[in-house]
Amino acid sequence: PYLGLGAAAHSFDGDRVRSWNVPDIIQYESGACQGSETLSDEEILEERIMLGLRTSEGVERSLLDEATVSRLIGEGLLAAKEKCVRIAPAHFLVSDSIVRQLI
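Just so it is clear, the structure is predicted and the values come from calculations on it, not from any experiment.

Cut-offs and rules
Residues numbered from 1 in each chain as written. Predicted model: local features only at pLDDT ≥ 70, side-chain atom pairs only at ≥ 80, totals over all residues. Heavy atoms only, no water. Helix = DSSP H or I, 4+ residues; strand = E, 2+ residues; numbered from the N terminus. Contact = heavy atoms within 4.5 Å. Pairing = 2+ DSSP bridges. Axes fitted to C-alpha atoms, helices over the stretch in contact; angles between N-to-C directions. Phe/Tyr/Trp six-rings, centres within 6.5 Å; stacked < 30°, edge-to-face > 60°.

Asks: I keep staring at the environment of Ala9 and nothing clicks. Help me out?
Replies: Structurally, Ala9 can be placed in the segment before β1 (10-12). Taking the C-alpha atoms as reference points, Ala9 and Glu60, separated by 51 residues in sequence, lie 26 Å from one another. Excluding residues that lie within four positions of it along the chain, Ala9 makes contacts with Gly4, Ser19, Trp20 and Asn21.

Structure representation (structure tokens):
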């Protein structure tokens, strides 16, 4: 679970519901309603991968395609840690493109 604070920020209840705040700062400050959605099993896995790759713990390699993981490690985009991988800190600014290759 995580809590997003601020305009356009996203939150996740840790189960199935992802919600978001309105993107306009004026509307956000006035308490405008947000949106939400219930995630499928596939979307939950994608969320876990997307967020986990950006943490120091990383994501279990068993959740990912090993050939892609090996290639990205070889390119220096992922860092391996025991049975997990994470985005190499030097590549956080291109993390979306790395995540797209793994999902």
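Picking up where we left off.
Asks: Please clarify how the sheet that holds strand β2 (residues 17-20) should be interpreted in this entry.
Replies: The strands making up a sheet associate through hydrogen bonds between their backbones, and the pairing can be parallel or antiparallel. Taken in spatial order, the three strands line up as β1-β2-β3 in an open sheet, and their pairing is antiparallel. Either end of the sheet is taken by a strand with one partner, and the two such strands are β1 and β3 (35-38). Neighbouring strand axes in the sheet, compared pairwise and without regard to direction, differ in orientation by 20° on average. Note: β2 against β3, four bridges, orientation antiparallel. Residue Arg18 lies in a different strand from β3, and its bridge partner there is Glu37.

Asks: Would you explain the packing of aromatic side chains in this entry?
Replies: The geometry of an aromatic ring pair is captured by two quantities: the separation of the ring centres and the angle between the planes. Counted under the stated rule, the structure contains one aromatic pair. For the ring pair Tyr2 and Phe12, a centre distance of 6.1 Å and an interplane angle of 35° mean the geometry is tilted. Taken together, the positions of Tyr2 in the segment before β1 and Phe12 in strand β1 put the pair ten residues apart, joining distant regions of the chain.

Asks: How should unusual backbone geometry be read in this particular structure?
Replies: For residues other than glycine, phi is negative in most cases, and the peptide bonds are mostly trans. Of note in the backbone geometry, Ala8 takes a positive phi value of approximately 65° without being a glycine. Checked against the element boundaries, Ala8 lands in the segment before β1. Phi is positive for Glu82, close to 55°, though the residue is something other than glycine. As for its placement among the helices and strands, Glu82 is situated in the loop between β5 (78-81) and β6 (84-87).

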